[in-house]
Amino acid sequence: MGNVTIKRALLSVSDKSGLAELGQALAAHGVELVSTGGTAKALRDAGLTVKDVSDLTGFPEMMDGRVKTLHPAVHGGLLAVRDNPEHAAAMDQHGIGAIDLVVVNLYPFEATVAKGAARDEVIENIDIGGPSMVRSAAKNHQFVTIVTDPADYAPLIGELSESGGATSLAFRKAMAAKAFAATAAYDSMISQWFAFADQGQKFPPLVSMTRKLVGTLRYGENPHQDAALYLPAGPHTQGLPQAQQIQGKELSYNNYNDANAAFELVAEFRDSAPAVVIVKHANPCGVAQRETLLEAWHAALQCDSVSAFGGIVACNVPLDGPTAEAICQIFTEVVVAPGADDAAREVFAKKKNLRLLLTGSLPDPRRAGQTLAIIAGGILVQDRDNGAISESDLKVVTKRAPTDRELQDCLFAWTVARHVKSNAIVYARDGATAGIGAGQMNRRDSSRIAAMKAAEAAQTYGWAQPRTVGSAVASDAFFPFADGLLAAAEAGATAVIQPGGSMRDSEVIDAADEAGLAMVFTGMRHFRH
């Protein structure tokens with residue numbers, strides 16, 4: 001089947017944008033317009049002649065508009081196979097006219113939920129007739145054109161202009177695919193609302209989650225892998241995909257992944273003093289808080305300046321010119337911040353390949369939600385790790401309690417450790433990381449690697465001793481043996497924060513006491529694989 005001339009169109013849309021222009025274009029090609037309710041009124045207000053659906057069905061709209069298009073005169077006109085003699089005979093017998101084009105977008109269910117509407121209003125915004133017409137038209141795309149997105153009005157008008165009022169099969173197939181995706185996404189949002197919001201089910205027996213394509217990326221983690229960015233279809237947290245990219249090259253898969261790690265960590269400090277996070281390969285390599293952003297940048301960089309090369313920088317407050325100047329002294333892939341003043345933008349503009357992302361705000365690090373991990377043959381789903389501890393949750397388990405400074409360093413190190421790949425060890429002193437050990441197969445090696453980086457930093461900057469001396473050390477999970485803790489003591493740590501819960505806790509506590517360490521248990525683990 002090739003081109004199909006559009007003689008009759010049925011239009012029923014909740015989004016009226018572009019409707020008048022489309023109606024005028026259809027009328028210019030001699031298309032008969034059939035419509036309902038508010039759509040018909042909008043078309044008539046534009047000076048167009050419109051036939052009511054009730055003229056086709058012989059029935060008025062009823063039940064507050066719930067019943068208007070669910071009728072054989074509509075669906076027969078959509079589903080009839082035009083070159084099937086039996087179908088043609090049935091149309092003649094029952095006076096059913098063919099409908100060649102359907103333009104439908106559905107009741108605003110998502111927007112209704114997003115505005116916090118009451119349950120009855122949410123239910124009323126579940127479209128029934130619309131999806132039925134969309135699916136009927138899409139199924140019969142050999143003969144019927146279906147358009148569900150106002151963005152496709154211009155291509156439709158282009159089709160009609162190029163072919164004298166007809167559409168091509170290729171166009172109809174493309175629109176049918178998009179239409180089925182639209183109804184699938186719509187039903188998915190409804191099912192999710194019923195399961196999660198209305199019924200309070202955390203893990204429903206059947207769940208469908210729809211994603212909208214933002215665009216393809218240059219490649220994935222490696223050049224031989226294709227990649228794309230999608231957004232959830234429905235309410236979701238604002239993050240990097242919604243950020244304003246001021247300058248720089250297109251973001252890559254790795255850029256998004258690493259920048260998100262920095263973004264999530266810096267959000268931990270969204271309501272506090274200026275903070276800078278430097279991330280490399282999704283692991284922080286330097287984090288610091290200071291009275292000024294520039295001071296925080298220098299303190300974060302000094303933790304591991306080698307790893308910071310080619311990294312991602314995130315800030316919790318708007319960027320200023322001096323901080324931008326300092327950041328530009330080393331090669332940086334992406335800078336993320338809530339904002340940037342004119343001086344900072346001017347500085348970054350000189351580095352044309354550096355991506356500057358302005359997010360406007362930072363997300364709530366304790367927000368609810370779920371994370372997904374794809375495995376062979378299935379998908380793992382879990383709650384976001386939004387667990388938090390406060391000073392009052394800490395349990396002192398050693399003979400010596402931490403000093404006030406050590407306690408603050410413990411809490412800072414713990415905040416960073418939850419964002420470091422397991423096994424994670426983080427040394428911190430005076431609101432800055434002193435050494436970070438990530439992703440090792442045992443905790444002792446993470447302790448030693450972090451201490452080694454701190455020693456290297458001391459040599460680089462000419463310090464008398466590494467910043468691990470007198471620091472607090474955080475472990476994302478318990479020390480199964482005393483060796484990891486003793487490695488931290490050898491590096492000069494004087495305080496320890498860890499979850500506890502090991503069969504050998506008493507052995508580890510004894511080792512801490514013998515070394516003169518203060519140690520607190522959190523009772524909460526933060527594995528990050």
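This is a predicted model, so every value here is computed, not measured. (Residues numbered from 1 in each chain as written. Predicted model: local features only at pLDDT ≥ 70, side-chain atom pairs only at ≥ 80, totals over all residues. Heavy atoms only, no water.)

Draft legend 1. Geometry of the overall build of the protein chain. Scanning the protein chain for helices and strands turns up 19 helices and 23 strands. For a compact globule of 529 residues, the expected C-alpha radius of gyration is about 24 Å, and the protein chain comes in at 31 Å, more than 25% above that figure. For the protein chain, the spread of C-alpha atoms along the principal axes amounts to about 95 × 50 × 40 Å. Scored against the burial criterion, the 529 residues of the protein chain give a buried share of 48%. Pairs at least 24 apart in sequence give 57% of the contacts found in the protein chain among residues at least 6 apart. A distance of 3 Å separates the average location of the 47 positive side-chain charges in the protein chain from that of its 58 negative side-chain charges. (Helix = DSSP H or I, 4+ residues; strand = E, 2+ residues; numbered from the N terminus. Rg over C-alpha atoms; globule rule 2.2 N^0.38 Å. Buried < 20%, exposed > 50% of the residue type's maximum accessible area, 1.4 Å probe, protein only. Contact = heavy atoms within 4.5 Å. Lys, Arg positive; Asp, Glu negative; His and termini not counted. Charge placed at Lys NZ, Arg CZ, Asp CG, Glu CD.)

Draft legend 2. Seen up close, empty space enclosed by the protein. With the rule as written, the count across this model stands at one cavity of 30 Å³ or more. Roughly 50 Å³ of volume is contained in the largest cavity. Considering the residues around the largest cavity, the lining is formed by Gln-302, Cys-303, Asp-304, Ser-305, Val-306, Lys-453, Glu-456, Ala-457 and Thr-460. Residue assignment for the lining of the largest cavity shows that the elements contributing at least two residues are helix H13 (305-308) and helix H17 (443-461). Looking at the lining of the largest cavity, the element that brings in the most residues is H17, giving four residues. Split into classes, the residues belonging to the lining of the largest cavity amount to three nonpolar, three polar and three charged. (1 Å grid on protein atoms, 1.4 Å probe; cavity = no way out; pocket = protein on both sides within 12 Å on 5 of 7 lines; lining within 4 Å. Points joined across faces, edges and corners; volume = space filled by probe spheres on them. Nonpolar A, V, L, I, M, F, W, Y, C, P; charged D, E, K, R; others polar.)

Draft legend 3. Representation of the packing of helix H18 (residues 482-490) against helix H19 (residues 505-515). At a minimum axis distance of 9 Å, the contact between H18 and H19 shows a crossing angle of 20°. Of the possible angle classes, the one that applies to H18 and H19 is roughly parallel. Both H18 and H19 take part in a crossing whose hand is right-handed. Side by side, H18 and H19 meet where Ala-482, Leu-485, Leu-486 and Ala-489 of the first sit next to Glu-507, Val-508, Ala-511, Ala-512 and Ala-515 of the second. Looking at the contact of H18 with H19, its residues break down into eight nonpolar, no polar and one charged. (Axes fitted to C-alpha atoms, helices over the stretch in contact; angles between N-to-C directions. Parallel < 35°, antiparallel > 145°, perpendicular 65-115°, else oblique. Left-handed = near helix turned anticlockwise from the far one by under 90°.)

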